[in-house]
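Now for the letters of each chain:
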Protein chains: 2
Amino acid sequence: MTRFKFEISATDCNARTGVIKMQRGDIRTPAFMPVGTAGTVKAMTVESVLETGADIILGNTYHLMLRPTAERIHNFGGLHQFMNWQKPILTDSGGYQVMSLAKLRKMTEEGVAFQSHIDGSKHMLSPERSSEIQRLLGSDIVMAFDECTPFPATEAEAAKSMELSMRWAKRSRDGFDSGQEHAGRSALFGIQQGSMFKCLRQQSTENLLDIGFDGYAIGGLAVGEGQEIMFNTLDYATPMLPEDKPRYLMGVGKPDDIIGAVLRGVDMFDCVLPTRSARTGQAFTSRGPINMKNARHKDDTRPIDENCSCQTCRDYSRGYLNHLIRCDEILGPMLMSIHNITFYQNLMQGLRDAISAGVVQKFAADFLAKYRGGDVPEIKA
Amino acid sequence: MTRFKFEISATDCNARTGVIKMQRGDIRTPAFMPVGTAGTVKAMTVESVLETGADIILGNTYHLMLRPTAERIHNFGGLHQFMNWQKPILTDSGGYQVMSLAKLRKMTEEGVAFQSHIDGSKHMLSPERSSEIQRLLGSDIVMAFDECTPFPATEAEAAKSMELSMRWAKRSRDGFDSGQEHAGRSALFGIQQGSMFKCLRQQSTENLLDIGFDGYAIGGLAVGEGQEIMFNTLDYATPMLPEDKPRYLMGVGKPDDIIGAVLRGVDMFDCVLPTRSARTGQAFTSRGPINMKNARHKDDTRPIDENCSCQTCRDYSRGYLNHLIRCDEILGPMLMSIHNITFYQNLMQGLRDAISAGVVQKFAADFLAKYRGGDVPEIKA
């Protein structure tokens, strides 16, 4: 069986569409990966995630190492078996979240010692430990352990941080390769760093290419720099990466962020936005995001989005969703998450089709014009 | 089409099994009705409620009249359309919850004036208004508006309360009948009161029979009197009710309560216990209730109940459920609710089959022996 193969079927300007073939299934690109932080895509059953068209989900090393622990998940047969998801899973390295969530962090050349944000227990993450955890989880796509350079950073700070990440990238490669059985059926991605400095991104890329990875992530973006700086960075950072390997923009993003990144040659995305928004009542629609808790939806018999074919839009009105959210009923986040993840997967399918047809620029322009045009007028029941 | 027809197919001692035929579907008895308080069986999709085998659910007049209001639901085409549940719905009258939840209640011969426990807004419930609300909701089985006599009550208090409920029962009948179109496709149940006094239960029954209802509920039980007193009351209160009409024990209960009541001739039940317990981590099993949050389940690869065929037991381990509950993941209540409602529906199916086979006493004894025997020993992953 194919361990990992990336086949590009069409390109359109800088955008590409294709498929990543892995043992647990195909990943159509550009791909959006719903985030399953703690072994569950929040408020969704595995069946409903599958129904949205997702080919792959993301699991968080940091959360899972603390609860229920990687060793425990391994004893259950791995994360796929534990959570009943049989398609591919990408796991992050834990590097980003240990810096954003953990307490009393101490970073050294070796790695990061920290205390759990949940119970204060002491832990350590390093390239070797992160590789081991991702192997215990049975991850399909393993991420190298790195430091996500904070924004803003001076060139000297960014260089020092990037260089550490590159030494860790080599150790991540060695750690991954040491787990022979797992390495034979999974893939390892390296992560380009260098903040907003082109020469550092170039230097980072050369380092990664020397080591060699199955795919390359663009790190250190979506950390507060704003869309304009992110797109400017992608303009030069993406073409540096090899054309024949998947490119993954971590933690991105809003629909317009994703479209802009796909136009610049990115193939993979993950973000908590669709599921997190669902839990606060925000729904994504072809006419832009709307707050379903707003009183104007109370008497509205229409679905969230008349162009959407998800279960929520097939069977439920805006008025019903408004009621559920106002009553804090669990069914509210359940139905909203189904819709939002479907919206994201439909966007990815639209991008894939448009790239195949050679009309991605028009697709993007039409989508964004409608998306920024605002919701249709209120309709009373 | 049949408006309402109760066909008993078998009896076994005092227990009966059969079917209630209504326009929206058959209700197999003895029946357990999951509670859909605010237009949703909490944490469950309609599809998963159907998959448990439920033929009917219950909606709460008090909750729905406050949010989103009966008039609003009517504008959406009724409760079935609003919540996407096409099988029968029984609605309570609001009488019980206005006394247990509302603020600043004032009860008169006319009805009960009160303030919402949510926002303090002023409302009124009476036999006529309760009938109107249940008609606006499009209820299939409408309950008469009554006062649930508190426990304990003196005989004088119980008599006064019951007599008021009987005057309200007549007004409920008139209110129901005044909605001709709705009355032509739905049913009205009266509620026997009289606390723990046989003569009052008898008097109440005679009053109800004079008015005439499609079915009869036994009210004023499961209000803190305990199982022994409840069963003692059922021993004389149930046989008073007509044999050819369904008998409904409101708000009951634990599995052993239901079994004892079925043995005494009750046909219908509702209770929040399986769904509420699910949200606090309690799972019902053939060996008794267990707390899935308990650390002993952390490494357990077995399902909640190896004899259960629900989706949760098919696809998920105790260890995974323990993890979800400890992490406050929404999927925890979702999967636990599916299991608990399935457990209740399987109990009802077991009772129906046993009554048909004439072995209900043995079924009850075997079930209770196992149920009280405790969980199987811990098994480590």
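Keep in mind it's a predicted model, so treat the numbers as computed, not measured.

**Here we look at the overall build of chain A**
Piece 1. Secondary structure summary: chain A contains 16 helices and 16 strands in total.
Piece 2. Taking 2.2 N^0.38 as the reference for a compact globule, 381 residues should give roughly 21 Å; the C-alpha atoms of chain A span a radius of gyration of 21 Å, in line with that estimate.
Piece 3. Here the C-alpha coordinates of chain A stretch approximately 65 × 45 × 45 Å along the principal axes.
Piece 4. Counting all 381 residues of chain A, 56% fall into the buried class.
Piece 5. Long-range pairs, those at least 24 residues apart, make up 67% of the contacts in chain A between residues at least 6 apart in sequence.

**Some points on the sheet that holds strand β8 (residues 112-115) of chain A**
Where strands meet in a sheet, backbone hydrogen bonds hold them as pairs that are either parallel or antiparallel.
Residue and element names in this part refer to chain A.
Piece 1. Taken in spatial order, the three strands make up an open sheet running β7-β8-β9, and their pairing is antiparallel. Here the strands that pair on one side only, and so sit at the sheet edges, are β7 (103-107) and β9 (122-125). Neighbour-to-neighbour, the strand axes of this sheet turn through a mean angle of 20 degrees, independent of strand direction.
Piece 2. Taken together, the four bridges between β8 and β9 define a ladder with antiparallel strand orientation. Bridging from a neighbouring strand, A113 pairs with M124 of β9.

**Observations concerning the sheet that holds strand β8 (residues 112-115) of chain B**
Residues and elements named next belong to chain B.
Piece 1. The strand order across the open sheet formed by three strands is β7-β8-β9, and the pairing between neighbours is antiparallel. Every interior strand has two partners, whereas the edge strands, β7 (103-107) and β9 (122-125), have only one. The sheet shows a mean angle of 20 degrees between the axes of neighbouring strands, direction not considered.

**Let's talk about helix α9 (residues 198-211) of chain A**
Residue and element names in this part refer to chain A.
Piece 1. Compared with the 20 Å implied by 1.5 Å per residue over 14 residues, the 20 Å span of α9 between its first and last C-alpha is a close match.
Piece 2. Burial in α9 covers these residues: L200, R201, S204, T205 and L208. Seen along its axis, α9 keeps its buried residues to an arc of 140 degrees; they face one direction. Across from the buried face of α9, at angles greater than 90 degrees, the exposed residues are C199, E206 and D210.

**Quick look at the interface of chain A and chain B**
Piece 1. Chain A puts 32 residues into the contact, and the matching count from chain B is 32 residues.
Piece 2. Mapped by element, the contributors of at least two residues to the side of chain A that touches chain B are α3 (70-75), α4 (79-83), α14 (318-326) and α15 (331-357) of chain A.
Piece 3. Class assignment for the residues of the side of chain A that touches chain B results in 15 nonpolar, nine polar and eight charged.

**Some words on the pairing of β8(B)**
Residue and element names in this part refer to chain B.
Piece 1. Every second residue of β8 is oriented toward a common face, the buried set being V112 and F114 and the non-buried set A113 and Q115.
Piece 2. In this structure, β7 lies alongside β8, joined through three bridges in antiparallel fashion. Each bridged residue has a counterpart across the sheet, and for K106 the counterpart in β8 is A113.
Piece 3. With antiparallel pairing between neighbouring strands as the criterion, β7 and β8 make up a hairpin whose turn holds four residues.
Piece 4. Here β8 hands over to β9 after six residues, with G120 in that stretch at a positive phi of 75 degrees.

**Some details on the relation of the copies chain A and chain B**
Piece 1. In screw terms, the move from chain A to chain B is a rotation of 180 degrees and a rise of 0.0 Å along the axis, fitting with an RMSD of 0.0 Å. Such values leave the two copies arranged in the relation of a two-fold axis. Residue I330(A) of chain A places its C-alpha closer to the rotation axis than any other residue of that unit, at 3.7 Å.
Piece 2. With an isologous cut-off of 70% or more, the 100% of interface residues of chain A that recur at the interface of chain B puts this contact in the isologous class.

**Section: the domain arrangement of chain A**
Residue and element names in this part refer to chain A.
Piece 1. By the assigned domains, chain A splits into domain 1 (4-270) and domain 2 (278-371).
Piece 2. Each of domain 1 and domain 2 was reduced to a C-alpha centroid, and the two centroids are 27 Å apart.
Piece 3. Residue assignment for the side of domain 1 that touches domain 2 shows that the elements contributing at least two residues are β1 (4-12), β2 (15-22), β4 (31-34), α1 (46-51) and α11 (255-263).
Piece 4. The dominant element in the side of domain 1 that touches domain 2, judged by the number of residues it contributes, is α11, at six residues.

**Some thoughts on the nonpolar core**
Piece 1. Membership of the largest hydrophobic core comes to 222 residues, with the highest contact counts inside it found for F189(A) and F189(B).
Piece 2. Residues in contact with F189(B), not counting those within four places in the same chain, are I141(B), M143(B), A144(B), F213(B), D214(B), G215(B), Y216(B), A217(B) and Y248(B).

**Points about the environment of F213(A)**
Piece 1. Inspection of the secondary structure puts F213(A) in the loop between α9 and β12 (215-218).
Piece 2. Judged by local crowding, F213(A) falls into the buried class, with 23 C-beta atoms found within 10 Å.

**A short note on the environment of I258(A)**
Residues and elements named next belong to chain A.
Piece 1. Among the structural elements, I258 can be located in helix α11.
Piece 2. According to the C-beta neighbour criterion, I258 is buried, with 22 such atoms within 10 Å.
Piece 3. Separated by 66 residues in the primary sequence, I258 and L324 have C-alpha atoms spaced 30 Å apart.
Piece 4. Residues in contact with I258, not counting those within four places in the same chain, are V252, G253, F269 and L347.

**Some words on the packing of helix α9 (residues 198-211) of chain B against helix α10 (residues 227-240) of chain B**
Residue and element names in this part refer to chain B.
Piece 1. Running from amino to carboxyl end, α9 crosses α10 at an angle of 20 degrees, the nearest separation of the two axes being 10 Å. It follows from the interaxial angle that α9 and α10 lie roughly parallel. At the point where α9 passes α10, the crossing takes the right-handed sense. Taking contact as the criterion, the partners of K198, R201, Q202 and T205 in α9 are, on α10, Y236, A237 and M240.
Piece 2. The class makeup of the residues in the contact of α9 with α10 is three nonpolar, two polar and two charged.

The rules we used
Residues numbered from 1 in each chain as written. Chains lettered and ligands numbered in written order. Predicted model: local features only at pLDDT ≥ 70, side-chain atom pairs only at ≥ 80, totals over all residues. Helix = DSSP H or I, 4+ residues; strand = E, 2+ residues; numbered from the N terminus. Rg over C-alpha atoms; globule rule 2.2 N^0.38 Å. Buried ≥ 20, exposed ≤ 12 C-beta atoms within 10 Å, placed from the backbone. Contact = placed C-beta atoms within 7 Å. Pairing = 2+ DSSP bridges. Axes fitted to C-alpha atoms, helices over the stretch in contact; angles between N-to-C directions. Expected span 1.5 Å × (residues − 1). Arc of directions from axis to C-beta. Nonpolar A, V, L, I, M, F, W, Y, C, P; charged D, E, K, R; others polar. Least-squares fit on C-alpha atoms with pLDDT ≥ 70 in both. Domains from an automatic or database assignment. Core = buried A, V, L, I, M, F, W, Y, C linked by C-beta atoms within 7 Å. Parallel < 35°, antiparallel > 145°, perpendicular 65-115°, else oblique. Left-handed = near helix turned anticlockwise from the far one by under 90°.

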